[in-house]
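# Working through the structure, step by step
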Amino acid sequence: MSAADGVVATSSSAPLLRVAGLSVTYRGRRGVHQAVRGVSLDVARGEVVALVGESGSGKTTIGRTILGLLPASAERYGAVELDGADLLRLPDRRRRRVLGARIATIPQDPLAALNPVQRIGPQVAEVLAIHGLASGDAARARALEALRLAGLDDAEARYRQYPHELSGGQRQRVLIAIAIVAGPELIVADEPTSALDVTVQRRILDHLEHLVRETGTSLLLITHDLGVAGDRADRVVVLSDGEVVEQGATGAVLERPEQPYTRALLEATPDRRPPATPPPSAGSSDSPALEVRGLGRTFHVTGRPPVTAADDVSFTIPRGGALGLVGESGSGKTTTARIVLGLLRPDAGEVLVDGRVQDSPAEIRRARRFVQPVFQDPYSSLSPHQSIASSIAEPLRALGGGNRAERRARVAELLDRVHLPASVGRRRPTELSGGQLQRVAIARALAIHPRLVVCDEPVSSLDVSVQARVLDVLAELREQDGLALLFISHDLAVVRAVCEDVAIMRAGRIVEQGRTLDVFASPASPYTAELLAAIPGRRTAAAVA
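Just so it is clear, the structure is predicted and the values come from calculations on it, not from any experiment.

### Things to note about the overall build of the chain
When helices and strands are tallied, the chain shows 22 helices and 20 strands. Across its three principal directions, the C-alpha atoms of the chain cover 80 × 50 × 50 Å. Evaluated residue by residue, the chain yields a buried proportion of 54% over its 545 residues. Long-range contacts, defined here as pairs at least 24 residues apart, represent 70% of the contacts in the chain between residues at least 6 apart. Accessible surface, the chain as shown: approximately 23800 Å² in total, 49% of it carbon and sulfur.

### Some words on helix 21 (residues 526-533)
Along helix 21, the residues classified as buried are Y527, T528, L531 and L532. Buried residues of helix 21 fall within an arc of 140° about the axis and therefore sit on the same side.

### What about the UniProt feature "domain: ABC transporter" (unreviewed entry) in the chain?
The positions that UniProt labels "domain: ABC transporter" (unreviewed entry) are, in the present scheme, residues 17-266 and 290-532. Spanning residues 290-532, this segment combines 39% helix with 26% strand, and its end C-alpha atoms are found 27 Å apart.

### Focus on the packing of aromatic side chains
When we look at a pair of aromatic rings, we describe it by the centre distance and by the angle of the planes. For the structure shown, the criterion picks out zero aromatic pairs. We note R140 situated over the ring of Y159; from NZ or CZ to the ring centre the distance is 4.8 Å.

### Here we look at the packing of helix 17 (residues 434-446) against helix 18 (residues 464-481)
In contact at an axis separation of 9 Å, helix 17 and helix 18 are set at 15° when each is read in the N-to-C sense. In terms of orientation, helix 17 lies roughly parallel with respect to helix 18. Crossing angle aside, the handedness with which helix 17 passes helix 18 is right-handed. The residues of helix 18 that touch helix 17, namely those facing G435, Q438, R439, I442 and L446, are V466, R469, V470, V473, L474 and L477. When the residues that make up the contact of helix 17 with helix 18 are grouped by side-chain class, the tally is seven nonpolar, two polar and two charged.

### A word on the nonpolar core
I106, V124, L147, V174, I176, L219 and V236 are the most contacted members of the largest nonpolar core, which totals 56 residues. Apart from the residues lying within four places of it in its own chain, the contact partners of V174 are L114, I120, V124, L147, L152 and L166. Counting 53 residues, the second-largest nonpolar core is a separate cluster that includes A441, A443, V473 and L531.

### Digging into the domain arrangement of the chain
Frequently, the measure chosen for interface size is the accessible area that the parts lose on association. According to the domain assignment, the chain consists of domain 1 (44-68 + 105-272), domain 2 (290-370 + 451-543) and domain 3 (378-449). Here the C-alpha centre of domain 3 lies 25 Å away from the C-alpha centre of domain 2. In this complex, domain 2 contributes 17 residues to the contact, which on the side of domain 3 involves 15 residues. Summed over both sides, the interface of domain 2 with domain 3 buries roughly 1300 Å², with 60% coming from carbon and sulfur.

Criteria and thresholds
- Residues numbered from 1 in each chain as written.
- Predicted model: local features only at pLDDT ≥ 70, side-chain atom pairs only at ≥ 80, totals over all residues.
- Heavy atoms only, no water.
- Helix = DSSP H or I, 4+ residues; strand = E, 2+ residues; numbered from the N terminus.
- Buried < 20%, exposed > 50% of the residue type's maximum accessible area, 1.4 Å probe, protein only.
- Contact = heavy atoms within 4.5 Å.
- Areas by Shrake-Rupley, 256 points an atom, 1.4 Å probe, with all protein chains shown as cover.
- Arc of directions from axis to C-beta.
- UniProt positions renumbered as here; feature names shortened; annotations may be inferred.
- Phe/Tyr/Trp six-rings, centres within 6.5 Å; stacked < 30°, edge-to-face > 60°.
- Lys NZ or Arg CZ within 6 Å of the ring centre and 35° of its normal.
- Axes fitted to C-alpha atoms, helices over the stretch in contact; angles between N-to-C directions.
- Parallel < 35°, antiparallel > 145°, perpendicular 65-115°, else oblique.
- Left-handed = near helix turned anticlockwise from the far one by under 90°.
- Nonpolar A, V, L, I, M, F, W, Y, C, P; charged D, E, K, R; others polar.
- Core = buried A, V, L, I, M, F, W, Y, C linked by side-chain atoms within 4.5 Å.
- Domains from an automatic or database assignment.
- Buried area = accessible area lost by both parts, 1.4 Å probe.

So, in structure tokens, the structure goes:
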């Protein structure tokens, strides 16, 4: 890039990116919040640096500052230098010529980042047109090459498709293509695979790593997954409350952390938790909490081939037991859960709750006293217009759970059970964190004393420390109340910590099931072995061993 663009290449020994004394403050109706406090870090050419920390630690604000995406209400201090030129002090026009061409981003949510009414190809080629790098047939050719480099098969077909016609992993690869099409020197990737299954996540990260190493591109990887950071980064920067608490080579930081906060983060990861064991009361009754026999369900969509989401699915959960249902997106896990919850009727097979077949509306309604759900996204499962106390009391009102005073007392008891103060009951969902909301969802599920809770990806979007608190609550409830769990997840490390039994699903069928430790130690199915090999953090563990 020329001097007229405001950024001049300097000696290759200097860092490509230098963040020095960066502080960012947000001003709003609720006052002033300092999100970043005096952060300094470097990213060398061709280096992968991971920013790790809990939600609210400042990771995303740092990324948005580098990308020039802070809102107008934000105040910035310090320096963000690319090749020695401070991006925060460049005139807007010159900064825009740098962003997208020399610095690119891979955001977390492709559905939010991609235009739903524009085909994929033009969205990739748009970067080239905006920066005057190519147009017409030349831009189309470069966009197709970027789609191929990002690992998309049949790039010509993908070029003509819309975002909704692609899978989550394919859409994420489109975002990678958009990021690399202009040949940037630095990519800022903010949780680029956190919503993906472990096998898709591994393929995406493998491909991104290959691109970075082959082209010499630098990567700033923002993640709350310490396993991903350990596997992929050359250096790690640990953030807490907007400040750097520790940074250094990945092996040194993650295997020999100096700071208590870093050690606490590492101890909270699910692979460091002891494996689940059933409570003493598990299996004490002749009648299991849940029995699923030969479930089948096929979906028919006009103009498309039928999709079999459940095919002869069978398993049993004893009273107080916990079964992990594991598989990639589209494997049939959530369809099975919806049938168990009575939200979907099967085409074949039957569900028995507390020994009774769910074959009529009356039986399904009765079963709701015994089976309750906890969904993945508490923001969408709790009404934003109701107080937390009102949401928790909803099952009591719907299923006859006492008078108003008794319901109020039960809500207070439930908040205490999930380690939330009574004052939370007066607040609205928008005033709570993700971890707090998920504990509220658990409290609501427990309101009518169920015997089984169906948890559909309940911790997949949470930081490791928040995740650990939610898992602790579930373990306590199993121990104290003999609660049974159907725990649906794509995270095998979490399943090992929560469930003593596991069933592996693929394309609507259970391909393997048994005791979790036995299945994980000696998988009989190649698919199970593939899932286990994709668990983040195994590279670091192997290197240390």
